[in-house]
Structures are given as C-alpha cells and as structure tokens.
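What follows is the residue order along each chain.
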Number of protein chains: 2
Amino acid sequence: MVSKKFLLALVFYCFVSSLQAQKGYDLWLQYEKIENEEIKKKYLRDLNILKIYGENATLDAAREELILAYKGFFGEEFQEADILSKNALVIGVQEDLPLNIRTAVKKELAEINEEGYIIKNISAGNFPVTLITGKTSAGLLYGTFRFIKEIQLRNDLSSIAIHSSPKIQKRVLNHWDNLDGTVERGYAGFSIWDWHHLPQLIKPEYIDYARANASIGINGTVLTNVNANSLVLTPHYIEKVKALAEVFRPYGIQVYLTARFSAPMESGDLETADPLVPEVRRWWKEKADEIYTEIPDFGGFLVKANSEGQPGPNNYGRSHVDGANMLAEAVAPHGGIIMWRAFVYSEHDPEDRAKQAYSEFVPFDGQFHDNVLVQVKNGPIDFQPREPFHPMFGAMPQTPLMMEFQITQEYLGFSSHLVFLPKMFEETLDEDTFVEGEGSTVAKVIDGTLANKNLTGMAGVANIGTAKNWTGHPFGQANWYGFGRLAWDPYLDSGKIAEEWLKMTFSREPAFVDPMTRVLMDSRETVVNYMTPLGLHHIMATGHHYGPGPWVDDLGRPEWNPVYYHQADSLGVGFDRTASGSNALSQYAQSIREQYGSLDRVPEKHLLWFHRVPWDYEMKNGKTLWYNLAAKYQQGVEEVQEMARTWKNMEQYVDEERFTKTAMLLEIQQKEAKWWRDAVLLYFQQFSGMELPRFVPKPEHKLEYYKSLEFPYAPGI
Amino acid sequence: MVSKKFLLALVFYCFVSSLQAQKGYDLWLQYEKIENEEIKKKYLRDLNILKIYGENATLDAAREELILAYKGFFGEEFQEADILSKNALVIGVQEDLPLNIRTAVKKELAEINEEGYIIKNISAGNFPVTLITGKTSAGLLYGTFRFIKEIQLRNDLSSIAIHSSPKIQKRVLNHWDNLDGTVERGYAGFSIWDWHHLPQLIKPEYIDYARANASIGINGTVLTNVNANSLVLTPHYIEKVKALAEVFRPYGIQVYLTARFSAPMESGDLETADPLVPEVRRWWKEKADEIYTEIPDFGGFLVKANSEGQPGPNNYGRSHVDGANMLAEAVAPHGGIIMWRAFVYSEHDPEDRAKQAYSEFVPFDGQFHDNVLVQVKNGPIDFQPREPFHPMFGAMPQTPLMMEFQITQEYLGFSSHLVFLPKMFEETLDEDTFVEGEGSTVAKVIDGTLANKNLTGMAGVANIGTAKNWTGHPFGQANWYGFGRLAWDPYLDSGKIAEEWLKMTFSREPAFVDPMTRVLMDSRETVVNYMTPLGLHHIMATGHHYGPGPWVDDLGRPEWNPVYYHQADSLGVGFDRTASGSNALSQYAQSIREQYGSLDRVPEKHLLWFHRVPWDYEMKNGKTLWYNLAAKYQQGVEEVQEMARTWKNMEQYVDEERFTKTAMLLEIQQKEAKWWRDAVLLYFQQFSGMELPRFVPKPEHKLEYYKSLEFPYAPGI
C-alpha cells in the first residue's frame, strides 16, 4: 500500500509541478502579475513608455529585462518611444543622455563610481520622467535590476531617488567545477557548464545565470575548480570558454579560469614550471596572450598553489610571491588580475594549522604586484559553521586581500539544511581586527578603505548546479543572493537581505516575511548549535564531511583528523591556541589577544577554539561545560523543529512545489540534527564520564552504531 | 564584441526561457489550450462531467491526470459527479462498474488482457456516456492516458470505440545509474535518483517520470546499473528503493534492482558466492524475503554476470543456469522474476565475439526456471547503428527471451544527434528468423507467440537524466516514447509513432508533421551513413565511443579494438563471418545463411558485417566498394545538412527554446558527421590507396590530426 506520506507528496506535487517548477528556476527574479488594480494603475502611470538612449548589447539586456518584468507585472507589452515624453522611463548611460537630463543628476553622477547607478524621478523640461543611468552600461544594467526590484518590493516610484555604487570591485563566484561535469563540494547536481557541447550549444541557463548575477551585481565568474586541470588552457577549451564569455559579456560579467601551476608541463611541453625559469615565464605570457586574443575582457587567473597536493612555486624552492608575480606579469598587459589563494597548510609542519597561512603569507606583505589579490578564507581553518575571522585580515596592509566565502554548504549540511549564510558572512565582515584601532573591521580591510587599496574583491564558492532550481535547497538561493548583495556592500544588514529575498522570492505578506525572516536569521546559530557549538570545529566525518565524525583519528595527515581539532580526553576538550598552547592568538591584535586569551573574557562562542577546558569547567550560567555543550546540541535540535513548525504555517504563502520540497528537507534537517547531537554527545561522554542533562533525550543508538555508519556516495566530492 | 550568433541566442532564449522551459520538461504530455472554439465545444459536450467508480491510488492518479488535462485543454475544472448523468466520462475497473455499463463492453472485456483497456461511447440506459475501463486499475490508467492522447491528437470522441492490450508483459526501462549519481552511457546529466536524499525527499520528477511511463505503458524500471553495486541490497538502500516503489506503484510501475553476483560476499559476509553452496542460496533467499517485506510488489533482479569483468557463476565453475535459477528460486515465492543478460563474451575466447553469446546460451535452452527471462541485445555485438538481429532470437524455443534495446545513444551520437530509434527497433523486430518458416519474426519471438511463451519482456536502456528536458536532446524524448509504444505493441509502425509523437510534443500542423516525420524516419539511416555504412561496426573511439576511432588497435582485449571489427588492409575490408571465416552465419536459419552467405545476395547494408571484400569490389550500382563507401559517408553528411535545413523552416511551429536548442544541436551533428566522414575515409584510404570521388570534399585536416584528438571528459562513462 502507498503510505499516506507519499500520497500526500503525490497530491502536492504531481499536478502542480507542471506549472510551478518554473518558480524555483526563476530565483528571486519573480515578476508576478500585480493583482491589485490600484497599485497597478499607480505604477503604470509612472511607466508610460520606455525611452532608451544609446545602443549596445548591455542596453539590449536591460531593455529585454524591463520588457519581461513589465509583461510579468502588468500583463502588457512595454512600449518603446522614439522621442521623450511625459512619465517615460528613461534609460541610457551618462554620455548618451541629453544635456538637460544629465544635468538633473549631476550631483549623483559625481557621487557614483564606474559601476554605480542612479534611479531618479526628474523633470525633463516641463514633464516628469524616471531616469535610470550610470557611467557605464554595466552600471545602468544594475540600476535596471534595482528598479525592477523596487516594483517587486512594491515600493513607491513616484518620487524615487536612489543611487548606489559597489564598494568592492571584483565580485566573483568561484565554481569548483571539474571538466568531467562533477562539482567538488557541489550539492546541486552536475556542473552547469556543458563543456562537451560548448561552444555550439548555448544553454538558456547560461543567460539566466548571467541575469541572476547581474541582478545582484556579481561581475565575475571563475569557471573551473581551484583543484585545477590544465586542459582548460588548451585551444580546444579556450574556444569553449570564449563562448561563455560572449554570453556573459552583455551582463557585465568577466570570466576567469583557474591556472594549474604545472600547466607549462602538462598543457605545454616544458620540463619545469619553475616561475623563475624564462621559458616558463614566456609560456604563461604567451598563454595569456592567446587567451586574450580570444577573450579581450578575460578576467585573469585564480590559483591554488602548494595547497592540499596542488603544485606550486614551492615545488621549485620558490615563493608564493614568485609564482603570483609571474602570472601577474603575464596578464598585466591585458588588464587581468591574479587571485592567489592563501589557503595553505602542510602536513609536514607540526605547527597549528590555524597559524600556517598567516605565517607563510604575512612576511610577503608589499611584495606582490599591483594586480595580485591574495584570496583569504573567512576563517583560519576551512569554512566551518563558525570560525573567528582569519588573522591575515588586517595583517597585510600593503597587500590587497580578497575575501573568500563559501556559499556551498560543505560543512553546513550540504543542500539539505536551511542555513542563511549572509548572517555568517556578516559576522565575519563586522569583526573588528583592531589593527588601526577600534572600528578596523574586516569589511574595511576588504573594501580597501582601511589601508587605501586600489584593488578589492570578494569571492563566493558557488552552490550552483544543474538542479532545476539551481541550488537544490530552495533556500540555498538566498545564499547566492546574499553573497552578491554583501559583495556589493559589505556593510549591509543581513536581516534586510533576508527580508528582501523572501519578498522577491516568495511573498510580501507580513505574516510570511516576519516569521520567516526570523527563521533565516536564527538558522545559522542553529546549525552551529547542533554541529559545532562553543567553538568546536572540523569534527565532521571524513572526506565528504557528511555528518558527525569526531572520532576519526586514522587519516594520513594529522590535521585532517577531527581529534586534532577537539583534543578531547578525560581531562577536557578544546584546542589551546593561547600562549600556553599553539599561540595562534598571537596572530591577532593586542586587544583581541587579551580578550580571547582570557578564559573569563573569551566569547563563549569561541571558547573551545582558543581554550582547552575541563569538562566540569563552570561557565557563565553557573553550569558545567559538559552541561552547556549538551544544552547547545539539544537547543539546536529544538530550533530545527521550531523552524519546521514555522514553515508548516507558511503553506498559504508559497507555491506547493517549493513548500513541499522545503518541508521534506526540514524533515531531513531534523533527523540529521538529532544524529549530530546523539553521535557527538555519546562520543564526548566517553571522556567527560558525566550524565546527560535530563532534557536531552536518550540517544536512539549506541556510539558504535554512529561510528559504523558509512556513506561512500555522499555527494559533492 | 558579442558575435551575432550569441546575440541571436540571447534574444531567442533569454526572455522565452521563463515561459517555455516547461515545455521540454512536459515531454509528450502537453495539454495545451484548445483555441478553436468549435472544436472545444464539441469536446466539452462529450465531457460533461466525470464519474468515477471505485477508489484506490491508481484511480486517484487517473482522476488527477484527467483534471490536469481538462484544465489544460479547456481552462476549466473538470467537475466530478456523484451520480451518473448524460455525456459523462465514466472511469472504473470492470468489477466496480454497474452491471448495465459492464454489459455494454462485454465483448471487449473478453478480448483484452489484464493490462488492457477499453474506451467506448456507450448508452447507459437512456443517455450516452464515454467509458474508460479495464480489468485492473493499471489498465484503466493506460486507457485514461490513451483517452487524453485522443484529444491531444484532436480525434473525434463522439463515437469512440478503442480497445487495446499490451502484447508484451514486462515493459521495462533499464537505468544504468550508479549510486554516486553518475549514469553509465548517460548523456542527460546526473541520475534522476537522488539517493542521498531518499527516502525523505520525494522529487516531483519521480512522479512525472511515473506519469510519462504510465502514459506509454511502461510497467517496470530497473533503478540501478547492470554493472552493479551490492550496496543497493543493504537495508539503508532498500529503504530508499521502497520510497521510490511507493511513488511508482499507483502508476502500475514495479521497481527492479540489479543484483551483483558477488553480493553475498560484499553486502553479506559469506566467503563465496558459488550458486550451489547452500549458504549462498539461503543468503539470496533471505535477501529476497527482506526486500519483499518492504516492497511487496518488487519486480525482481536484472543480472549481468560473467560479462566485462562482472562476477558470475563461472567464477565458481558454475553455469549461467546455476546462477539464474538460484536467484529465480529466491524471488519465485514472491512472484518475482530474474532478467539474466546474455551479453557475454570473453577476451580469452579466440572465437568471433559475435558468436559467443549464442554459443554459451543456446545449449541451456529449456533449463532455466519459469521465472527467468534471458535478456538479449538486439544485435550480436553491442548497440551499433546497425546490426543484423541477434541469432539467439528464435534459437531458444523453450526459453523466454527478452529484448534489450538501447535508448541512450551510446554509439549513435550521444544526446547530440537527432536519431529516431524506433525506426531501428522496428527493423530488428520485423526481421524474419525463419526458425518456424517464413514469418517467424523477432517480434513473434519476443511477444511469445512464436513458441507460446508465458513470460515476455522488452527492456530499454534509458536515456533519462537530470537534464531539464529529461533527455538532453529534445528529440531524445521520441526514443523513450517510441520504446514504450513498441514494448506495448512490437508490430506498430514506426512512422505512426513518429507522427503521433510529433503531434503530441510540438504541433499538429501538417506543414510541420509531414516534413518532420520524414526527418525522423530518415534519421537512422543517416547516422548509419555517416558513421558505419555498408555493415561497418564498432569503429568508434575507445571507452567513451565519442567520434571515430577506426585506427584503435592497442587495447588490452582484442575484441575491444575497432581494427578487430573492420579488418582493413590493402586487400580489403570487412569481417568474414561466412563459412570461410568465423562462420557466425551458421547461427542463423538456413535461408538466412544462404542469402547472407552469398556476396551477391547479402543485403548491402550488411555487406561488411558478413564479408571481407576487396576495395575495388564491384557493387550493384557498378561502382567499387571504395566509391560506395565514400558515397555513403558523403550522403550521411548531406542528409544531416538537409535535416538542419528542414528544421530551420519549422520555427513557426515550435517554441523558441526547443527550436533554438535543436538548431544548435543540428549544427553539432553536422560538424560531427563531417568529422566521421573525413576521419574514416582518410583512415581507410591508407589501405584502399584509391582517390576519393570528386563529390566528397577534401578533408579539412590530415589523418594524424583526427588520430590525435582526445576527449578525456566525453560524457557518459
């Protein structure tokens, strides 16, 4: 017999899917019909006709987006005018505008940068028009998407006056996509790049990907995995990359590739890749010339060198500076940049892994060429549910540092868990490095204002795949969206991002937006609670990182073992990174050293990151560490249950397909949160020897059961 | 600058995709609004109200499908009645119908089988109603889809009288899907089975997959690759399989799994998998019991044993009969079946590979248990563009033989080439084996009528993946559809299948249907022409089989090398399978032996399959073999060009997304057809030493270029 659950699923899905699958695909660019006649009329009055000044592919994209949105909102064609008239929507870049119109936004034009935009209701002689402009077509396109968003949010247009510029220059997605179509740490299907059919087959997804990115201001995409394959640098593949670049160009998006350091030997026929050997330098220069001949606006290279087995300059006794500068010289004549990753650590270095990148890179400050960005992960380990900010931020005043966030949820429940990452990104961006006194936030390091940088960037490791809704989890889209918004403005409030994303994607009803904003905003703390509370980190199962594996101690490299990170035994738990331990704290500014170094003053969220603490250590609430640890895990589980309950009440505001899928995924999240709680507490209980608090339910299985679980085909590797 | 081509793609795609992506997803189940008011009114008169007798999940599925279709065609809700009234559409299985209604179709009920259906306009007392019925709910569901199809085709309903029964019992898709999400020989993305999120996450695709299959009468699906993984037999996975089975059950679809023969050692803890060892037999029996406890209608196992490295009974000195019968005994108490593949050949056997399966299996005739089907590929080698029928058909009168067709185009251009396979399937089904005299067609072997078989089946290796339109190429859907239709009735005309698929999927306009039916019907001969004309076979590149590789001669197993199959040298080309050669011909009936054995009488399409012929051999048209070979390759190229030209004229009948995608793929097909022609002719020219006919353009590159091409990431492995 069919279970009730499946019949329900059947009823939910079967006959809505034909109509609603599209909603997931359309992301936050939902241009639904405005049913309220009054509101509609009001908008239509201000959108009497479309007047475009100028002509190019980006303007075409802006035009088509406006026509699409207009048709969606109002069910009609947006008419285009030859001459300017009353209540027109006017678009054009600064230099193409008639003088009187340009003059009306003179002040704003002086305030925006090359990629900024202005939207303003102005008087054009004797009648009002709404103007969208910028200094470049890219800026104008961003303004167009912003304008459409204003309607999505049902904001008033009649006296609109907005101007905005991106605070960061290189706003880039990193795709860890392999040439065989798999995606490393990808949980949303295959790679969206259909390399096999490129350059001939241009999938509609490529264009919709570009639209989505342009709508949030993303202006670059690294197509290939940082664990790189030099084949992508051969002519056969450059032709394919060129085809993608041509699709993305009108949307202001540059393509980048990852450069495998040993490419001169693999894709070329040199016998070395030593960056100081002239033939190697020439090879890269010629390779860059070859690429730029095909793709004049090619962005440059992203490089993972001497990290986790990738080749790099160290193989030849050379430094990261030698390697990065060689590549920088190759792309410099074409205006390209090098994004050189600082994610390095060595199994031969007995030093605390959290310290190694800083130790290796900080001495190079000031030695990189101008067109090199050093790309630093948000924390010193590896995209954990919570890490303190990376100590390199603020420590290299003469080097442009690029932020690397991970949008794909490698350590945060894959595409199965609802976790709103902008809240986490914001936490890092808001952290104070204190390097130039109080207020020296990570955001100010990244946007270049703290040390007056000319080159700035933010990268997000994409969570995008061939899944019909791009990201697998319907709420994974919020993390792509939120990354883009924070790359545009790292000072944005994540709560505002949550709110606008919910409104654009699902519903503007307060009875939906208010509780769901709370769900999003709480969701990150929740995942920390049920996975790694109180500063625990890297206790996921091995390799795929699916589920708990705090017991893993048999991997070849010590720093790949969870036991390395929690150091639990009968005496206590936690990694002593104070002066009495690895002294990783010494890499931070004085005031942080003092605060975090003190057991009393360290924020409890970072406790076990910096301190090794006995199980019966008394915490601020007067309870033991063990009690608090157990309480956090239990709290995490209960919070997921609460999320699921809230979602159940949202049914009337959401289409059935996305509603049902999210409900099912919340079931998985509840199950996995319990699994985390039970497995980790049972494991640590061996050492603490203490009873679980009464409010924690007895685990369903014995520890041995959890240790026996194997998932050879967990996704994402 | 953006090239014109990409701007075109942009204009085509960008702003239609939001509306039209769904069309690809909806397959042939397009229920578009009927715009002609007269036609609409006529249909509505006969569909006054819906009256359903009985209640179960399959009836629910039929109801929902009718409501969906009604809403699509007429834009209204199909109202359901409590009591019977005039012009009602009545659905119900035989036993649930009121006596007077049942009596009205008494004659038809006697003529259909358990899965058959009846659609008939009858008189219910004093008013007319339209009845859809069958002996089982599955039959009723098939009838429902047939009824909807009648409207899709705009056939008259007013005096409808149709009844139909499947001629083959087990109509099964074989998914070569791995547990890691990849699909062997899959060219449409990842596996649609999201094992990681099962059993909790039920994707809408599962239900739409079931709808599509039910609509063409497919009643079984083998979820896993024949190169099997025993992990799927563990409880963790059985739970997942159960979830899929529950989704598919209402649609009359049974799930099957592939059984890895060594599972008792891998998934169990036995030290042998010897089928005569009692513990092994018991292990399989208990495993079957375990599965059937969870999935009472589990279909059974498909087994690839002692083939291409897969384990099997031969490993223990046992026979295929020993292996198959052991498994058959395990599933027999539950009504399960075993599908045992005959695709065996050994690198240690110097015998012609084409002969080996016959040699190994035919002696076992009559020894398999009643619930074993021996599954035989359509030809004796491996899913080539053209093969003669497999000599096993007709050679095992006491053994039910199941046809294995390949829907995924492993050797026919992947998902890039438009090739209508039902035409190829039909060719095999129509072949005369002559074993019981003239008219002993393969279809009659398969449907059991030739030797009175109680168990019959047809399998199709699926071309389905996570691609947004399921199959990658929009026309790949026709091959899924056509397979289902031929499994229902192996005597169907492939031209009729092409026509109905085109009408349901795209347009009923004769100006579209007529030329496109010709395109479909010619497309198979075209791919034969540009890949392997005149009986050539297996000259594809190695491993991935992407593109030509007639020169490959260095693989470990002799029969994996293309040179094994074409045997070209300066004296000639072709595989002598007559009495002077391997005598594979001896496996066929006398009249075939005589015809094919004669150089004069062998059909030219099979010439080089059976004969080794000098390059200057004079063919029927008075020209040399070399001339004819070149002409065929050239013809293939020109035919693809013609297909593309025809398609260009179809723009007005097709939505832009599918139009543009198909146009781009036809570009790829043209390019690859030329590549085939140039590479193969240059290669054979080395041996023939003869000039190319003037009408063949000079190849763009030298032979060495074609030999140097490598595609390490060609899809599908």
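All values derive from a computational prediction rather than experimental measurement.

Cut-offs used in this document
Residues numbered from 1 in each chain as written. Chains lettered and ligands numbered in written order. Predicted model: local features only at pLDDT ≥ 70, side-chain atom pairs only at ≥ 80, totals over all residues. Heavy atoms only, no water. Helix = DSSP H or I, 4+ residues; strand = E, 2+ residues; numbered from the N terminus. Rg over C-alpha atoms; globule rule 2.2 N^0.38 Å. Buried < 20%, exposed > 50% of the residue type's maximum accessible area, 1.4 Å probe, protein only. Contact = heavy atoms within 4.5 Å. 1 Å grid on protein atoms, 1.4 Å probe; cavity = no way out; pocket = protein on both sides within 12 Å on 5 of 7 lines; lining within 4 Å. Points joined across faces, edges and corners; volume = space filled by probe spheres on them. Phe/Tyr/Trp six-rings, centres within 6.5 Å; stacked < 30°, edge-to-face > 60°. Lys NZ or Arg CZ within 6 Å of the ring centre and 35° of its normal. Axes fitted to C-alpha atoms, helices over the stretch in contact; angles between N-to-C directions. Parallel < 35°, antiparallel > 145°, perpendicular 65-115°, else oblique. Salt bridge = Lys/Arg side-chain N within 4 Å of Asp/Glu carboxyl O. Pairing = 2+ DSSP bridges. Right-handed = clockwise from strand over helix to strand, strands pointing away. pLDDT = per-residue confidence, 0-100. Polar contact = N/O pair within 3.5 Å; in protein donor to acceptor, adjacent residues only side chain to side chain. Left-handed = near helix turned anticlockwise from the far one by under 90°.

Chemist: What's the story with the overall build of chain A in this structure? I'm lost.
Modeler: Looking only at helices and strands, chain A has 24 helices and 13 strands in total. For 717 residues, the compact-globule estimate of 2.2 N^0.38 gives 27 Å, and the C-alpha radius of gyration of chain A, at 26 Å, lies within 12% of that figure. If you line up chain A on its principal axes, its C-alpha atoms span 80 × 70 × 55 Å. Considering chain A as a whole, with its 717 residues, one finds that 67% of them fall into the buried category. At a minimum sequence separation of 6, the contacts of chain A that also span at least 24 residues come to 73%.

Chemist: Please explain empty space enclosed by the protein as it appears in this structure.
Modeler: In this approach the atoms are scanned with a rolling probe the size of a water molecule, which exposes any empty space left behind. Residue and element names in this part refer to chain A. Applying the stated criterion to the full structure yields 16 cavities of 30 Å³ or more. Space inside the second largest cavity adds up to approximately 90 Å³. Lining the second largest cavity we find Ala342, Phe343, Val344, Tyr345, Arg353, Ala357, Val376, Lys377, Gly379, Pro380, Ile381 and His390. Residue assignment for the lining of the second largest cavity shows that the elements contributing at least two residues are helix 13 (353–361) and strand 11 (372–377).

Chemist: Before we go on, may I ask you to explain the packing of aromatic side chains in this structure?
Modeler: Within a pair of aromatic rings, the relevant descriptors are the distance that separates the centres and the angle that separates the planes. The final tally for this structure, using the stated rule, is 107 aromatic pairs over all chains. Aromatic side chains Trp195 of chain B and Tyr237 of chain B sit 5.9 Å apart centroid to centroid with 65° between the ring planes, which places their arrangement in the edge-to-face category. Here Trp195 of chain B is found in the loop between strand 6 (170–174) and helix 8 (204–216), whereas its partner Tyr237 of chain B is found in helix 9 (residues 235–248), with 42 residues between them in sequence. Trp195 of chain B sits in the buried class, given a relative accessible area of 3%. An aromatic cluster of at least three residues, connected via ring pairs, comprises Tyr25, Trp28, Trp193, Tyr206, Tyr209, Phe248, Trp470, Trp480 and Tyr481 of chain A. Its guanidinium or amino end placed over the ring of Phe343 of chain A, Lys377 of chain A lies 3.2 Å from that ring's centre, counting from NZ or CZ. When the ring centre of Tyr627 of chain B is taken as reference, the NZ or CZ atom of Lys623 of chain B above it lies at 4.9 Å.

Chemist: Honestly, the packing of helix 8 of chain B against helix 16 (residues 476–488) of chain B in this entry has me stumped. Any pointers?
Modeler: Two quantities define a packed helix pair, namely the angle between the axes and the distance from one axis to the other. Residue and element names in this part refer to chain B. Closest axis-to-axis distance for the helix 8/helix 16 pair is 8 Å, and the angle between their directions is 45°. With respect to their mutual orientation, helix 8 and helix 16 come out oblique. Seen from helix 8, the contacting residues are Tyr209, Ala212, Asn213 and Ile216; seen from helix 16, they are Trp480, Tyr481, Gly484, Arg485 and Trp488.

Chemist: Before we go on, may I ask you to explain the pattern of salt bridges in this structure?
Modeler: For the coordinates displayed, the defined rule picks out 75 salt bridges over all chains. For Glu499 of chain B, the salt bridge is made with Lys503 of chain B, and the minimal N-O distance between the two is 3.5 Å. Of this pair, Glu499 of chain B and Lys503 of chain B both sit in helix 17 (residues 494–505), separated by 4 residues, roughly a single helical turn. Among the ionic contacts, a cluster of salt bridges with common partners joins Arg386, Glu427, Arg524, Glu525 and Lys605 of chain A.

Chemist: What should I look at first to understand the environment of Lys240 of chain A in this one?
Modeler: Residue and element names in this part refer to chain A. Structurally, Lys240 can be placed in helix 9 (residues 235–248). Spatially, the C-alpha atom of Lys240 lies 49 Å from that of Asp678, the residues being 438 residues apart in sequence. When neighbours within four sequence positions are excluded, Lys240 is seen to be in contact with Trp195, His196, Leu198 and Pro199.

Chemist: What exactly am I supposed to notice about the pairing of strand 3 (residues 117–124) of chain A here?
Modeler: The side chains of a regular strand alternate, first on one face of the sheet and then on the other. All names here are of chain A. Examined bridge by bridge, strand 3 and strand 4 (residues 127–134) share 8 bridges and lie antiparallel to one another. The residue bridging Tyr117 from the neighbouring strand is Gly134, located in strand 4. Where strand 3 folds back on strand 4, the antiparallel hairpin that results is connected by 2 residues, among which Gly125 adopts a positive phi of roughly 75°. Pairing of strand 3 with strand 5 (residues 161–164) involves 4 bridges; the strand directions are antiparallel.

Chemist: Is there a simple way to explain the pairing of strand 1 (residues 49–52) of chain B in this structure?
Modeler: Neither face of strand 1 of chain B is exposed, since Ile49 and Lys51 of chain B on one face and Leu50 and Ile52 of chain B on the opposite face are all buried. Once the chain exits strand 1 of chain B it traverses helix 4 (residues 57–74) of chain B before rejoining the sheet at strand 2 (residues 88–91) of chain B, and the crossover so formed is left-handed.

Chemist: I keep staring at the confidence of the model for chain A and nothing clicks. Help me out?
Modeler: Caution applies to low-pLDDT regions: their predicted coordinates should not be interpreted in detail. All names here are of chain A. With 97% of its residues at a pLDDT of at least 70, chain A reaches an overall mean of 96. Contacts for the low-pLDDT stretch residues 6–19, under 50 throughout, to residues beyond four places or in other chains number 46 contacts. Both scores are available for the predicted complex, with the pTM at 0.96 and the ipTM at 0.95.

Chemist: Honestly, unusual backbone geometry in this entry has me stumped. Any pointers?
Modeler: Excluding glycine, most residues fall at negative phi; most peptide bonds, likewise, are trans. Of note, the bond from Leu198 of chain A into Pro199 of chain A is cis; its omega dihedral lies within 30 degrees of zero at 5°. Mapped onto the elements, Pro199 of chain A comes out in the loop between strand 6 (170–174) and helix 8 (204–216). Phi is positive for His538 of chain A, close to 55°, though the residue is something other than glycine. Mapped onto the elements, His538 of chain A comes out in the loop between helix 18 (510–531) and helix 19 (562–566). By relative accessible area, which is 6% here, His538 of chain A ends up buried. Positive phi, close to 65°, is recorded for Arg154 of chain B, a residue that is not glycine. Tracing the chain through its elements places Arg154 of chain B in the loop between helix 7 (137–152) and strand 5 (161–164).

Chemist: Looking at this structure, I do not really get the environment of Glu525 of chain A. What am I missing?
Modeler: All names here are of chain A. Position of Glu525 relative to the elements: it lies in helix 18. Among the residues examined, Glu525 registers a relative accessible area of 32% and is labelled partly exposed. When the C-alpha atoms of Glu525 and Leu625 are compared, they prove to be 18 Å apart, with 100 residues separating the residues in sequence. Reaching out from Glu525, the side chain makes a polar contact with the side chain of Arg386 at a distance of 2.8 Å.

Chemist: How should the sheet that holds strand 12 (residues 401–406) of chain B be read in this particular structure?
Modeler: Hydrogen bonds between backbone atoms are what pair the strands of a sheet, whose relative direction is either parallel or antiparallel. Residue and element names in this part refer to chain B. The sheet built from 8 strands closes into a barrel, its strands ordered 6-7-8-9-10-11-12-13 with parallel pairing. Strand-to-strand twist of the sheet, defined as the mean angle between neighbouring strand axes without regard to direction, takes the value 25°. Inspection of the sheet shows strand 6 paired to strand 7 (residues 220–222) by 3 bridges, in the parallel sense. When the bridges of strand 7 are listed, Leu173 appears paired with Thr221. Along the sheet, helix 12 (residues 320–331) contacts strand 9 (300–303), strand 10 (337–341) and strand 11 (372–377); its crossing angle with strand 10, the most-contacted strand, is approximately 160°.

Chemist: Can you help me understand the sheet that holds strand 11 of chain A in this one?
Modeler: Residues and elements named next belong to chain A. One closed barrel accounts for 8 strands, arranged 6-7-8-9-10-11-12-13; its pairing is parallel. Looking at each pair of strands side by side, their axes are set apart by 25° on average, direction ignored. As paired elements, strand 6 and strand 13 (residues 457–461) share 5 bridges and run parallel to each other. Bridge pairing in strand 13 places Val172 opposite Ala459. Together, strand 12 (401–406) and strand 13 form the strand contacts of helix 14 (residues 422–430), whose direction differs from that of strand 12 by roughly 155°.

Chemist: Explain the packing of helix 8 of chain A against helix 9 of chain A to me, please; I cannot follow it from the model alone.
Modeler: All names here are of chain A. Put simply, helix 8 and helix 9 touch, their axes get as near as 9 Å, and they point 50° apart. Here helix 8 is positioned oblique relative to helix 9, judged by the angle of their axes. Note that helix 8 runs across helix 9; the crossing there is right-handed. Contact with helix 8, carried on its side by Tyr206, Ile207, Tyr209 and Ala210, involves Leu244, Val247 and Phe248 of helix 9 and no other residues of that element.

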